[in-house]
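Given next are the chains, with one letter for each unit.
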Amino acid sequence: MAAEAEFDLLAFGEPLMEFAEITRDGERLYLPGHGGDTSNVAIAAARCGARTAFFSHLGDDAFGRGFLELWDQEGVDRSSVVIRNGVRTGIYFISYGPDGHEFSYFRGGSAASLVRPEDLPLDLIARARVLHLSGISSAISASCADSVFAAMRHAKANGRLVCYDTNLRLALWPLDRARATIHAAVALCDIARPGLDDARKLTGLQTPDEIVDFYLGLGPKIVAMTLGKDGTIVATRDERRIVPSQRVQAVDASGAGDTFGGAFVAEWLRSGDPFRAAEFGNAAAALKTLGYGAVAPMPRRDAVEQFIRTGEVEPAS
């Protein structure tokens with residue numbers, strides 16, 4: 001039997017400094033912020049009341065120090081994060097056009113991509129109820145892919161749960177390698193978090209029910225697949241439902257899936273109900289899209305609960 005956990009969620013992956021395009025007084029500017037899918041999940045979960053921690057490596061630069069300050073402000077434990085000399089923290093830019101947002105990444109050789117299995121904080125993994133990782137954590141380098149599998153196996157050996165977001169980025173690796181690695185990771189997880197568009201590429205299947213059946217067949221206890229504006233399909237061995245999304249006037253969807261993921265885990269750990277967790281996650285993701293950037297607009301639990309009760313958005317403070 002696992003000992004009592006110190007943290008609800010530990011996330012492992014690559015933090016990225018974010019520069020989001022905005023237009024102000026007719027001039028195009030880039031607003032600095034923080035991103036990286038697993039860091040986003042840890043922050044979203046913390047804002048929804050979970051005790052969270054994060055592990056990665058950062059460059060010894062202003063961007064890396066900025067992440068340490070961010071996690072401290074958000075109450076995310078970063079005691080296992082390593083600062084590495086001579087390498088840098090990754091960055092990315094978000095631009096906007098007629099087809100939505102476009103990402104430009106500058107992450108090759110980042111400090112996070114150098115993580116090896118022997119660098120993992122094994123004691124911290126054993127003290128978290130849920131370990132969260134993603135396809136991006138697996139994709140940024142071979143050593144990170146090995147580290148993802150080692151972390152998952154250590155969590156399982158210590159009676160902990162694993163959540164894995166497939167988060168496919170074909171700019172990082174070819175589809176065949178992504179498919180093999182991601183599906184091997186899904187086979188080790190308890191909660192699978194695919195998105196519909198990515199899942200269609202990964203599985204070659206089209207309908208949500210077919211895809212959910214495929215992922216349940218790999219072994220997870222819960223599959224929560226986001227369907228964009230159509231909500232989320234949540235499936236267990238015994239039941240499945242489509243949980244509808246909430247309609248808002250979205251301005252920026254970047255980070256919405258990560259917000260869903262963090263809010264989903266926070267609520268699932270609290271209620272034990274994956275369908276309630278999906279309703280909560282959908283509401284949190286909708287509220288996130290009302291502002292620019294991945295992290296700044298992420299809502300806190302009271303705002304999400306009010307939105308679910310009333311459909312009203314809490315005014316910004």
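Keep in mind the model is a prediction, meaning the values are calculated, not measured.

Now for the overall build of the protein. Counting its secondary structure elements, the protein contains 11 helices and 15 strands. What you see for the protein is a C-alpha radius of gyration of 18 Å, in line with the 20 Å of a compact globule of 317 residues. C-alpha atoms of the protein, sized along the principal axes, occupy 55 × 50 × 40 Å. Taken over 317 residues, the protein has a buried fraction of 56%. Long-range pairs, those at least 24 residues apart, make up 68% of the contacts in the protein between residues at least 6 apart in sequence. Here the protein displays about 13,400 Å² of accessible surface, and carbon together with sulfur accounts for 50% of that area. Each charge class in the protein can be summarised by its mean position, and for the 33 positive and 41 negative side chains these summaries are 3 Å apart.

The subject of this paragraph is the nonpolar core. Leu10, Leu133, Met152, Tyr164, Ile182 and Met225 are the most contacted members of the largest nonpolar core, which has 44 residues in total. Per-element accounting of this core gives the leading share, 6 residues, to helix H5 (residues 142-157). Core analysis: the second largest hydrophobic core is formed by 39 residues, Leu9, Ala20, Val76 and Ile191 among them.

Considering all chains together, one arrives at 10 aromatic pairs under this definition. Ring geometry for Phe67 versus Trp71: centroids 5.4 Å apart, planes at 40°, classification tilted. Taken together, the positions of Phe67 and Trp71, both in helix H2 (residues 62-74) and 4 residues apart, correspond to about one turn of that helix. We classify Phe67 as buried; its relative accessible area is 0%. Arranged with centres 5.2 Å apart and planes meeting at 80°, the rings of Phe214 and Tyr215 form a pair that is edge-to-face. Connected via pairs of aromatic rings, a cluster forms that spans Phe19, Tyr30, Phe63, Phe93 and Phe106. Sitting over the ring of Tyr105, Arg107 keeps its end group 4.6 Å from the ring centre.

Okay, the side chain of His183 next. By the element assignment, His183 lies in helix H6 (residues 175-186). What makes His183 buried here is its relative accessible area of 10%. Separated by 2.9 Å, the side chains of His183 and Tyr215 make a polar contact. When neighbours within four sequence positions are excluded, His183 is seen to be in contact with Ala178, Leu202, Thr203, Phe214, Tyr215 and Leu218.

A few words now on H2. A rise of 1.5 Å per residue sets the reference length of H2, with its 13 residues, at 18 Å; its end C-alpha atoms lie 18 Å apart and thus fit the reference within 8%. Turning to H2, its buried residues number three or more, namely Gly64, Gly66, Phe67, Leu68, Leu70, Trp71 and Glu74. Looking at the residues trailing H2, positive phi occurs at Gly75, about 75°.

Another point: the pairing of strand E15 (residues 240-243). Direction of pairing for strand E14 (residues 232-235) relative to E15: antiparallel, over a ladder of 4 bridges. The partner of Ile233 across the bridge, within E15, is Ile242. Here E14 folds back onto E15, and the loop between the two strands holds 4 residues.

With that settled, the discussion passes to the pattern of salt bridges. Opposite charge on two side chains lets them pair, provided their charged atoms get close. If you walk through the whole model with that rule in mind, you get 24 salt bridges. Between Arg129 and Asp8 there is a salt bridge, with its nearest N and O atoms 3.3 Å apart. In this pair, Arg129 is assigned in strand E10 (residues 128-134) and Asp8 in strand E1 (residues 7-12), connecting sequence segments 121 residues apart. For Arg129, a relative accessible area of 32% translates into the label partly exposed. A relative accessible area of 9% means that Asp8 is categorised as buried. Ionic pairing is found between Glu267 and Arg276, a salt bridge with its closest N-O pair at 3.2 Å.

Look at helix H9 (residues 256-271) against helix H10 (residues 274-288): their axes get within 7 Å of each other, and the N-to-C directions meet at 145°. Along this stretch, H9 crosses H10, giving a crossing that reads as right-handed. Contacts between H9 and H10 involve Ala256, Thr259, Phe260, Ala263, Phe264, Glu267, Trp268 and Ser271 on the former and, on the latter, Pro274, Arg276, Ala277, Ala278, Phe280, Gly281, Asn282, Ala284, Ala285 and Lys288.

With respect to the element layout, Ser134 can be found in strand E10. There is a polar contact of 2.6 Å between the side chain of Ser134 and the side chain of Asp37. For Ser134, the side chain forms a polar contact with the main-chain nitrogen of Ile136, separated by 3.0 Å. Ser134 has contacts with Asp37, Thr38, Tyr164, Asp165 and Asn167, leaving out every residue within four places of it along the chain.

Parameters at a glance
Residues numbered from 1 in each chain as written. Predicted model: local features only at pLDDT ≥ 70, side-chain atom pairs only at ≥ 80, totals over all residues. Heavy atoms only, no water. Helix = DSSP H or I, 4+ residues; strand = E, 2+ residues; numbered from the N terminus. Rg over C-alpha atoms; globule rule 2.2 N^0.38 Å. Buried < 20%, exposed > 50% of the residue type's maximum accessible area, 1.4 Å probe, protein only. Contact = heavy atoms within 4.5 Å. Areas by Shrake-Rupley, 256 points an atom, 1.4 Å probe, with all protein chains shown as cover. Lys, Arg positive; Asp, Glu negative; His and termini not counted. Charge placed at Lys NZ, Arg CZ, Asp CG, Glu CD. Core = buried A, V, L, I, M, F, W, Y, C linked by side-chain atoms within 4.5 Å. Phe/Tyr/Trp six-rings, centres within 6.5 Å; stacked < 30°, edge-to-face > 60°. Lys NZ or Arg CZ within 6 Å of the ring centre and 35° of its normal. Polar contact = N/O pair within 3.5 Å; in protein donor to acceptor, adjacent residues only side chain to side chain. Expected span 1.5 Å × (residues − 1). Pairing = 2+ DSSP bridges. Salt bridge = Lys/Arg side-chain N within 4 Å of Asp/Glu carboxyl O. Axes fitted to C-alpha atoms, helices over the stretch in contact; angles between N-to-C directions. Left-handed = near helix turned anticlockwise from the far one by under 90°.

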